[in-house]
Amino acid sequence: YWLTSSVVYESKPNTITDLEYEQKQVNEKYITAQILSQSLNRVYDLFKKNMASNAGDQKNESASMPFLNSLTDIMNRLELKVLEIKPDKKKKKGKYTRVPYDLEFECDFTKFGKFITELENNERLIIIDEFTMENGIERINSSRSKDKLQNQLIKMRIYTVTLNKNIG
(Lines give C-alpha, C1' and ligand atoms only; values in the text may rest on other atoms or scores of the structure.)
Protein backbone atom coordinates (compact mmCIF):
# COMPACT_ATOMS: atom_id res chain seq x y z
CA TYR A 1 0.00 0.00 0.00
CA TRP A 2 2.78 2.44 0.93
CA LEU A 3 4.60 1.82 -2.36
CA THR A 4 1.42 2.33 -4.41
CA SER A 5 0.41 5.52 -2.59
CA SER A 6 3.88 7.06 -2.81
CA VAL A 7 4.18 6.40 -6.54
CA VAL A 8 0.60 7.10 -7.66
CA TYR A 9 -0.63 9.81 -5.25
CA GLU A 10 2.53 11.69 -4.25
CA SER A 11 2.47 14.23 -7.12
CA LYS A 12 -1.29 14.92 -6.84
CA PRO A 13 -1.17 17.62 -4.10
CA ASN A 14 1.44 19.59 -6.10
CA THR A 15 -0.68 19.34 -9.23
CA ILE A 16 -3.77 20.55 -7.35
CA THR A 17 -1.84 23.49 -5.88
CA ASP A 18 -0.53 24.45 -9.31
CA LEU A 19 -4.03 24.25 -10.82
CA GLU A 20 -5.49 26.41 -8.02
CA TYR A 21 -2.85 29.08 -8.69
CA GLU A 22 -3.53 28.94 -12.44
CA GLN A 23 -7.30 29.19 -11.83
CA LYS A 24 -6.79 32.28 -9.65
CA GLN A 25 -4.76 34.00 -12.39
CA VAL A 26 -7.34 33.15 -15.06
CA ASN A 27 -10.16 34.50 -12.83
CA GLU A 28 -8.26 37.79 -12.34
CA LYS A 29 -7.82 38.15 -16.10
CA TYR A 30 -11.52 37.45 -16.62
CA ILE A 31 -12.55 40.10 -14.08
CA THR A 32 -10.19 42.61 -15.72
CA ALA A 33 -11.69 41.81 -19.14
CA GLN A 34 -15.20 42.38 -17.77
CA ILE A 35 -14.23 45.78 -16.35
CA LEU A 36 -12.59 46.82 -19.63
CA SER A 37 -15.62 45.66 -21.59
CA GLN A 38 -17.94 47.82 -19.48
CA SER A 39 -15.64 50.83 -19.89
CA LEU A 40 -15.44 50.33 -23.65
CA ASN A 41 -19.23 50.12 -23.85
CA ARG A 42 -19.46 53.52 -22.15
CA VAL A 43 -16.88 54.95 -24.56
CA TYR A 44 -18.79 53.46 -27.52
CA ASP A 45 -22.05 55.03 -26.29
CA LEU A 46 -20.30 58.39 -25.89
CA PHE A 47 -18.97 58.26 -29.45
CA LYS A 48 -22.34 57.10 -30.78
CA LYS A 49 -24.15 60.04 -29.13
CA ASN A 50 -21.63 62.52 -30.55
CA MET A 51 -21.38 61.15 -34.09
CA ALA A 52 -22.97 63.02 -36.99
CA SER A 53 -23.90 60.76 -39.87
CA ASN A 54 -24.26 63.58 -42.43
CA ALA A 55 -23.57 67.30 -42.84
CA GLY A 56 -27.18 68.24 -42.04
CA ASP A 57 -27.17 66.43 -38.70
CA GLN A 58 -28.62 68.49 -35.85
CA LYS A 59 -25.43 67.99 -33.80
CA ASN A 60 -23.50 69.99 -36.43
CA GLU A 61 -25.72 73.07 -36.16
CA SER A 62 -24.22 76.26 -34.79
CA ALA A 63 -26.74 76.42 -31.96
CA SER A 64 -27.99 72.93 -31.20
CA MET A 65 -31.33 73.38 -29.46
CA PRO A 66 -31.18 70.07 -27.52
CA PHE A 67 -27.77 71.07 -26.13
CA LEU A 68 -28.92 74.61 -25.30
CA ASN A 69 -32.00 73.20 -23.54
CA SER A 70 -29.81 70.78 -21.59
CA LEU A 71 -27.38 73.57 -20.67
CA THR A 72 -30.12 75.93 -19.47
CA ASP A 73 -31.78 73.09 -17.50
CA ILE A 74 -28.49 72.43 -15.70
CA MET A 75 -27.98 76.12 -14.97
CA ASN A 76 -31.54 76.53 -13.68
CA ARG A 77 -31.35 73.40 -11.54
CA LEU A 78 -28.12 74.65 -9.93
CA GLU A 79 -29.70 78.11 -9.48
CA LEU A 80 -27.00 79.94 -11.42
CA LYS A 81 -27.85 83.53 -12.31
CA VAL A 82 -27.57 83.36 -16.12
CA LEU A 83 -26.54 86.63 -17.72
CA GLU A 84 -25.72 85.41 -21.23
CA ILE A 85 -25.54 82.25 -23.35
CA LYS A 86 -24.29 83.04 -26.82
CA PRO A 87 -23.52 80.39 -29.46
CA ASP A 88 -20.89 81.28 -32.04
CA LYS A 89 -20.13 80.03 -35.57
CA LYS A 90 -19.19 76.39 -35.85
CA LYS A 91 -15.63 75.47 -36.78
CA LYS A 92 -15.04 72.36 -38.83
CA LYS A 93 -11.59 70.83 -38.71
CA GLY A 94 -11.07 67.46 -40.36
CA LYS A 95 -13.46 64.91 -38.94
CA TYR A 96 -14.52 67.18 -36.06
CA THR A 97 -16.96 70.06 -35.75
CA ARG A 98 -16.60 72.36 -32.76
CA VAL A 99 -19.44 74.69 -31.80
CA PRO A 100 -18.41 77.43 -29.36
CA TYR A 101 -20.67 78.88 -26.68
CA ASP A 102 -19.90 81.95 -24.58
CA LEU A 103 -21.47 81.82 -21.12
CA GLU A 104 -21.72 84.52 -18.51
CA PHE A 105 -23.30 83.85 -15.13
CA GLU A 106 -23.03 84.47 -11.40
CA CYS A 107 -22.71 81.85 -8.69
CA ASP A 108 -20.61 80.80 -5.71
CA PHE A 109 -17.65 78.42 -5.89
CA THR A 110 -19.67 75.38 -4.79
CA LYS A 111 -22.27 75.82 -7.53
CA PHE A 112 -19.51 76.46 -10.07
CA GLY A 113 -17.86 73.15 -9.13
CA LYS A 114 -21.21 71.36 -9.49
CA PHE A 115 -21.71 73.02 -12.88
CA ILE A 116 -18.32 71.78 -14.12
CA THR A 117 -19.21 68.28 -12.90
CA GLU A 118 -22.52 68.44 -14.77
CA LEU A 119 -20.71 69.47 -17.96
CA GLU A 120 -18.33 66.52 -17.56
CA ASN A 121 -21.26 64.13 -17.11
CA ASN A 122 -23.18 65.49 -20.10
CA GLU A 123 -23.81 63.09 -22.98
CA ARG A 124 -22.20 65.57 -25.37
CA LEU A 125 -18.44 65.92 -25.68
CA ILE A 126 -17.67 69.30 -24.14
CA ILE A 127 -14.37 71.17 -24.03
CA ILE A 128 -13.98 73.96 -21.48
CA ASP A 129 -11.69 76.29 -23.39
CA GLU A 130 -11.38 78.98 -20.74
CA PHE A 131 -13.11 80.63 -17.84
CA THR A 132 -12.50 83.80 -15.86
CA MET A 133 -13.69 84.99 -12.47
CA GLU A 134 -13.64 88.62 -11.51
CA ASN A 135 -12.49 88.38 -7.92
CA GLY A 136 -10.11 91.32 -7.48
CA ILE A 137 -9.57 93.50 -4.44
CA GLU A 138 -11.62 96.26 -6.07
CA ARG A 139 -14.64 93.97 -5.94
CA ILE A 140 -14.26 93.49 -2.19
CA ASN A 141 -13.89 97.22 -1.54
CA SER A 142 -16.93 98.14 -3.65
CA SER A 143 -19.27 95.47 -2.27
CA ARG A 144 -20.67 95.57 1.26
CA SER A 145 -23.16 92.73 0.87
CA LYS A 146 -22.13 89.18 1.86
CA ASP A 147 -24.21 87.68 -0.99
CA LYS A 148 -22.47 89.83 -3.57
CA LEU A 149 -19.08 88.73 -2.21
CA GLN A 150 -19.95 85.03 -2.36
CA ASN A 151 -21.29 85.13 -5.90
CA GLN A 152 -18.64 85.41 -8.59
CA LEU A 153 -19.07 86.76 -12.10
CA ILE A 154 -17.90 83.90 -14.32
CA LYS A 155 -17.30 84.05 -18.05
CA MET A 156 -16.72 80.79 -19.89
CA ARG A 157 -16.03 79.61 -23.41
CA ILE A 158 -17.00 76.02 -24.04
CA TYR A 159 -17.19 73.89 -27.18
CA THR A 160 -19.35 70.95 -28.09
CA VAL A 161 -17.47 68.47 -30.26
CA THR A 162 -19.17 66.42 -32.93
CA LEU A 163 -17.42 63.58 -34.73
CA ASN A 164 -18.27 63.60 -38.44
CA LYS A 165 -18.77 60.25 -40.12
CA ASN A 166 -18.63 60.03 -43.92
CA ILE A 167 -18.64 63.78 -44.41
CA GLY A 168 -16.26 64.99 -47.07
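Residues numbered from 1 in each chain as written. Predicted model: local features only at pLDDT ≥ 70, side-chain atom pairs only at ≥ 80, totals over all residues. Heavy atoms only, no water.

## Describing the side chain of Thr-160
Logical step 1: Within the secondary structure layout, Thr-160 lies in strand β6 (residues 152-164).
Logical step 2: With residues up to four places along the chain from it excluded, the contact list for Thr-160 reads Phe-67, Thr-97, Arg-98, Val-99, Tyr-101, Arg-124, Leu-125 and Ile-126. (Helix = DSSP H or I, 4+ residues; strand = E, 2+ residues; numbered from the N terminus. Contact = heavy atoms within 4.5 Å.)

## Points about the nonpolar core
Logical step 1: Membership of the largest hydrophobic core comes to 20 residues, with the highest contact counts inside it found for Leu-103, Phe-105, Phe-115, Met-156 and Ile-158.
Logical step 2: If you list the elements that add at least two residues to this core, you get α3 (65-77), β4 (96-107), α4 (109-121) and β6.
Logical step 3: With sequence-adjacent residues up to four places away left out, Phe-105 is seen in contact with Met-75, Leu-80, Lys-81, Val-82, Leu-83, Phe-112, Phe-115, Gln-152, Leu-153, Ile-154 and Met-156. (Core = buried A, V, L, I, M, F, W, Y, C linked by side-chain atoms within 4.5 Å. Buried < 20%, exposed > 50% of the residue type's maximum accessible area, 1.4 Å probe, protein only.)

## Focus on the packing of aromatic side chains
Logical step 1: On inspection of all chains with the given rule, the structure shows four aromatic pairs.
Logical step 2: Put simply, the rings of Phe-105, Phe-112, Phe-115 and Phe-131 pair up and form one aromatic cluster.
Logical step 3: Taking NZ or CZ as reference, Arg-98 lies 4.0 Å from the ring centre of Tyr-159, over its face. (Phe/Tyr/Trp six-rings, centres within 6.5 Å; stacked < 30°, edge-to-face > 60°. Lys NZ or Arg CZ within 6 Å of the ring centre and 35° of its normal.)

## Describing the side chain of Asn-122
Logical step 1: By secondary structure assignment, the location of Asn-122 is in the loop between α4 and β5 (125-134).
Logical step 2: Within polar-contact distance, the side chain of Asn-122 engages the side chain of Ser-70 at 3.2 Å. (Polar contact = N/O pair within 3.5 Å; in protein donor to acceptor, adjacent residues only side chain to side chain.)

## A short note on the environment of Gln-25
Logical step 1: If you trace the backbone, Gln-25 turns up in helix α2 (residues 12-49).
Logical step 2: A residue is classified by how much of its surface remains accessible, and Gln-25, at 34% relative accessible area, is partly exposed.

## Concerning the pairing of β4
Logical step 1: Here β4 lies mainly inside the structure; nine of its 12 residues are buried.
Logical step 2: In this structure, strand β2 (residues 81-87) lies alongside β4, joined through six bridges in antiparallel fashion. In the sheet register, Val-82 faces β4, and the bridge partner there is Phe-105.
Logical step 3: The pairing of strand β3 (residues 91-93) with β4 spans three bridges and is antiparallel. The partner of Lys-91 across the bridge, within β4, is Arg-98.
Logical step 4: What sits between β3 and β4 in their antiparallel hairpin is a turn of two residues, with Gly-94 showing a positive phi close to 65°.
Logical step 5: As paired elements, β4 and β6 share 12 bridges and run antiparallel to each other. Considered in β6, the bridge of Tyr-96 is made with Leu-163. (Pairing = 2+ DSSP bridges.)

Geometric descriptors of this kind do not, in isolation, establish any biological role.
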